[in-house]
Amino acid sequence: MGYRSAVEELCKDQGATHHNLHGKIQELAAKGLPPDVITALDETRIVGNDSVHHGVGYSADELADIAELVAEAAVLLYVQPAQRRRMAESRKKRHEAAKQNG
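*Asks:* So what exactly am I meant to see when it comes to the nonpolar core here?
*Replies:* In globular proteins that are soluble, nonpolar side chains generally tend to be buried together. In this structure, Val7, Cys11, Ile25, Leu28, Leu33 and Leu41 are the most contacted members of the largest nonpolar core, which totals 18 residues. Elements represented by at least two residues in this core include exactly α1 (2–13), α2 (21–27), α3 (35–54) and α4 (60–101). Ignoring sequence-local partners within four residues, the contact set of isoleucine 25 consists of Val7, Cys11, Ile38, Leu41, Asp42 and Arg45.

Shown next, in the form of structure tokens:
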């Protein structure tokens, strides 16, 4: 259930507004997440629902896989964009310095 909650918070933080989590996950496709990551996040939702509503237990390996999928989405949505921004800022500073010195 914890990973499902993490997915829900990730969706909200990314501005998803649909009334249910499935719809919020689908909205992340517009953020550039690949279809397989969208599918993985929806699988995380299903696993969380199964655990809470149906008492389904999943193995440690299955949950570790879910954790990796959620982490991958976080990298795509937060880490990589931040890295690209830092690199763009670095290039811009170098360009401006070259213009001033040149």
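*Asks:* Sorry if this is basic, but what is going on with the side chain of arginine 4 here?
*Replies:* Here arginine 4 shows up in helix α1. Judged by relative accessible area, which is 15%, arginine 4 ranks as buried. Within the structure, the side chain of arginine 4 is placed 2.7 Å from the side chain of asparagine 49, a separation counted as a polar contact. In contact with arginine 4, other than residues within four places in its own chain, are Leu21, Thr44, Arg45, Gly48 and Asn49.

*Asks:* So what exactly am I meant to see when it comes to a nonpolar patch on the surface here?
*Replies:* A contiguous nonpolar patch, built from Val75, Tyr78 and Val79 and spanning about 210 Å² of accessible area, is present on the exposed surface. Here valine 75 shows up in helix α4. For valine 75, a relative accessible area of 34% puts it in the partly exposed group.

*Asks:* What should I look at first to understand the packing of α1 against α4 in this one?
*Replies:* Contact pair α1 / α4: the axes reach a minimum separation of 10 Å and the direction vectors enclose 15°. Taken together, the axis directions place α1 and α4 in an arrangement best described as roughly parallel. The hand of the α1/α4 crossing is left-handed. Contacts between α1 and α4 involve Tyr3, Ala6, Val7, Leu10 and Asp13 from the former and Leu63, Ile66, Ala67, Val70, Ala74, Leu77 and Tyr78 from the latter.

*Asks:* Sorry if this is basic, but what is going on with the environment of threonine 44 here?
*Replies:* Topologically, threonine 44 is positioned in helix α3. Residue class for threonine 44 comes out buried when judged on its relative accessible area of 1%. With 39 residues separating them along the chain, threonine 44 and serine 5 place their C-alpha atoms 9.3 Å apart.

*Asks:* Looking at this structure, I do not really get the pattern of salt bridges. What am I missing?
*Replies:* Pairing is possible between side chains that carry opposite charge, provided their charged atoms lie close to one another. Under the defined criterion, the tally for this structure stands at 4 salt bridges. Linking glutamate 9 and lysine 12 is a salt bridge whose minimum nitrogen-to-oxygen distance equals 3.8 Å. Of this pair, glutamate 9 and lysine 12 both sit in helix α1, separated by 3 residues, roughly a single helical turn. Taking the relative accessible area as the measure of exposure, glutamate 9 reaches 49% and is therefore partly exposed. In this structure, the salt-bridge partner of aspartate 42 is arginine 45, at a minimum N-O distance of 2.7 Å. In this pair, aspartate 42 and arginine 45 both sit in helix α3, 3 residues apart, roughly one turn of the helix. Overlapping salt bridges bring together Arg4, Glu8 and Lys24 as one network.

Reading guide: rules and limits
- One numbering rule holds for all chains: residues counted from 1, following each sequence as written.
- This being a predicted model, a pLDDT of at least 70 is required before a residue's local features are given, and a value of 80 or more before pairs of side-chain atoms are given or counted; all residues contribute to the totals for chains, interfaces and linings.
- Note that the side-chain values use all heavy atoms of the structure and ignore hydrogens as well as water.
- Buried residues of nine kinds, namely Ala, Val, Leu, Ile, Met, Phe, Trp, Tyr and Cys, make up a nonpolar core once their side-chain atoms join them within 4.5 Å.
- Summary of the burial criterion: residues with accessible area below 20% of their type's maximum are buried, those above 50% are exposed, and those between are partly exposed, where the area comes from a 1.4 Å probe applied to protein chains only.
- A helix here means a DSSP run of H or I that spans at least four residues, while a strand means a run of E at least two residues long, and both kinds are numbered starting from the N terminus.
- Residue contacts follow a heavy-atom distance rule, with two residues in contact if any of their heavy atoms lie within 4.5 Å.
- Pairing of N or O atoms within 3.5 Å defines a polar contact, subject to two protein rules: one partner must be a possible hydrogen donor and the other a possible acceptor, and residues neighboring in sequence count only if both atoms are side-chain atoms.
- Distance thresholds for patches are 9 Å for like charges and 5 Å for nonpolar side chains (Val, Leu, Ile, Met, Phe, Trp, Tyr), applied to residues having over 30% relative accessible area and no salt bridge.
- Using a 1.4 Å probe, accessible areas were evaluated by the Shrake-Rupley method; residue-level cover was limited to the displayed protein chains.
- Any carboxyl oxygen of Asp or Glu within 4 Å of a side-chain nitrogen of Lys or Arg constitutes a salt bridge here.
- Lines are fitted to the C-alpha atoms to define the axes, a helix being fitted only along its stretch in contact, and any angle between axes, read from their N-to-C directions, falls within 0 to 180 degrees.
- When describing relative orientation, an angle under 35 degrees is termed roughly parallel and one over 145 degrees roughly antiparallel, while 65 to 115 degrees is termed roughly perpendicular and anything else oblique.
- Should the near helix be turned anticlockwise from the far one by less than a right angle, the crossing is left-handed, and should it be turned clockwise, the crossing is right-handed.

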